[in-house]
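An overview of the molecular structure
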Amino acid sequence: LVKLQVFLESSFYEMLVAGLLCVYVLWLGVELQIFGARSGYELGVLEGTVLPTASLAYWDSVVFPAVDLMFTVIFTADVAVRVVVLGRGFWKIALNYIDVLVTLAAFA
């Protein structure tokens, strides 16, 4: 348990989670680009979409929800493990409150 505590408080773990967060932000950018291009196409502003229109329904119903769920599960597991392993120490770090709020917002 002590080794896990040390790992969860290490710079390596922080960078790992930060890297995952960066990947998620990039993914959100991709989603926004695809939704924006589709909206522009539907409004007649753009001549085409980023993805073929035939596959947009699949992306909307399968791909986007699956990837969003995957990241939600990863970040929820991160917070849950840190709460359990670090105990009261978790609540002594101000940024952890933001982690909890963002994780809870993912379920709203």
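Residues numbered from 1 in each chain as written. Predicted model: local features only at pLDDT ≥ 70, side-chain atom pairs only at ≥ 80, totals over all residues. Heavy atoms only, no water.

Here the focus is helix α3 (residues 53-86). Compared with an ideal rise of 1.5 Å per residue, which puts 34 residues at 50 Å, α3 spans 48 Å between its outermost C-alpha atoms and is within 8% of the ideal. Bending of α3 peaks at approximately 55° at the position of W59. Among the residues of α3, those classed as buried are L56, V63, F64, V67, F71, T72, F75, D78, V79, R82, V85 and L86. Buried residues in α3 make contact with α1 (2-8), α2 (11-42) and α4 (94-106). G87, located one to two residues past α3, shows a positive phi value of around 60°. (Helix = DSSP H or I, 4+ residues; strand = E, 2+ residues; numbered from the N terminus. Expected span 1.5 Å × (residues − 1). Bend = angle between axes of the 7 residues up to and from the residue. Buried < 20%, exposed > 50% of the residue type's maximum accessible area, 1.4 Å probe, protein only. Contact = heavy atoms within 4.5 Å.)

Another aspect to go through is the nonpolar core. Generally speaking, a soluble globular protein has its nonpolar side chains buried in company with each other. By size, the foremost hydrophobic cluster in this structure holds 10 residues: Y24, W27, I34, L51, L56, V63, F64, V67, F71 and F75. For this core, the secondary structure elements donating two or more residues are α2 and α3. Here this core gets 6 residues from one element, more than from any other, and that element is α3. Setting aside its immediate chain neighbours within four residues, I34 contacts V50, L51, L56 and F64. (Core = buried A, V, L, I, M, F, W, Y, C linked by side-chain atoms within 4.5 Å.)

Bringing the pattern of salt bridges into the picture now. For the structure on display, the rule yields 4 salt bridges. Here R38 and E42 are joined by a salt bridge, their closest N and O atoms 4.0 Å apart. Residue R38 and its partner E42 are located together in helix α2, separated by 4 residues, close to a single helical turn. For R38, a relative accessible area of 17% puts it in the buried group. The residue D99 makes a salt bridge to R82 at a minimum N-O spacing of 2.7 Å. Linking D99 in helix α4 with R82 in helix α3, this pair joins segments that are 17 residues apart in sequence. A single salt-bridge network, built from bridges that share partners, covers R38, E42 and D60. (Salt bridge = Lys/Arg side-chain N within 4 Å of Asp/Glu carboxyl O.)

Turning our eyes to something else, we now look at the packing of α3 against α4. Between α3 and α4, whose axes approach to 10 Å, the crossing angle comes to 140°. Considering their axes alone, α3 and α4 lie oblique with respect to each other. α3 and α4 meet at a crossing whose hand is left-handed. Note on element contacts: α4 touches α3 through N96, D99, V100, T103 and A106, opposite T72, F75, T76, V79 and R82. A breakdown of the residues in the contact of α3 with α4 according to their chemical character gives 4 nonpolar, 4 polar and 2 charged. (Axes fitted to C-alpha atoms, helices over the stretch in contact; angles between N-to-C directions. Parallel < 35°, antiparallel > 145°, perpendicular 65-115°, else oblique. Left-handed = near helix turned anticlockwise from the far one by under 90°. Nonpolar A, V, L, I, M, F, W, Y, C, P; charged D, E, K, R; others polar.)

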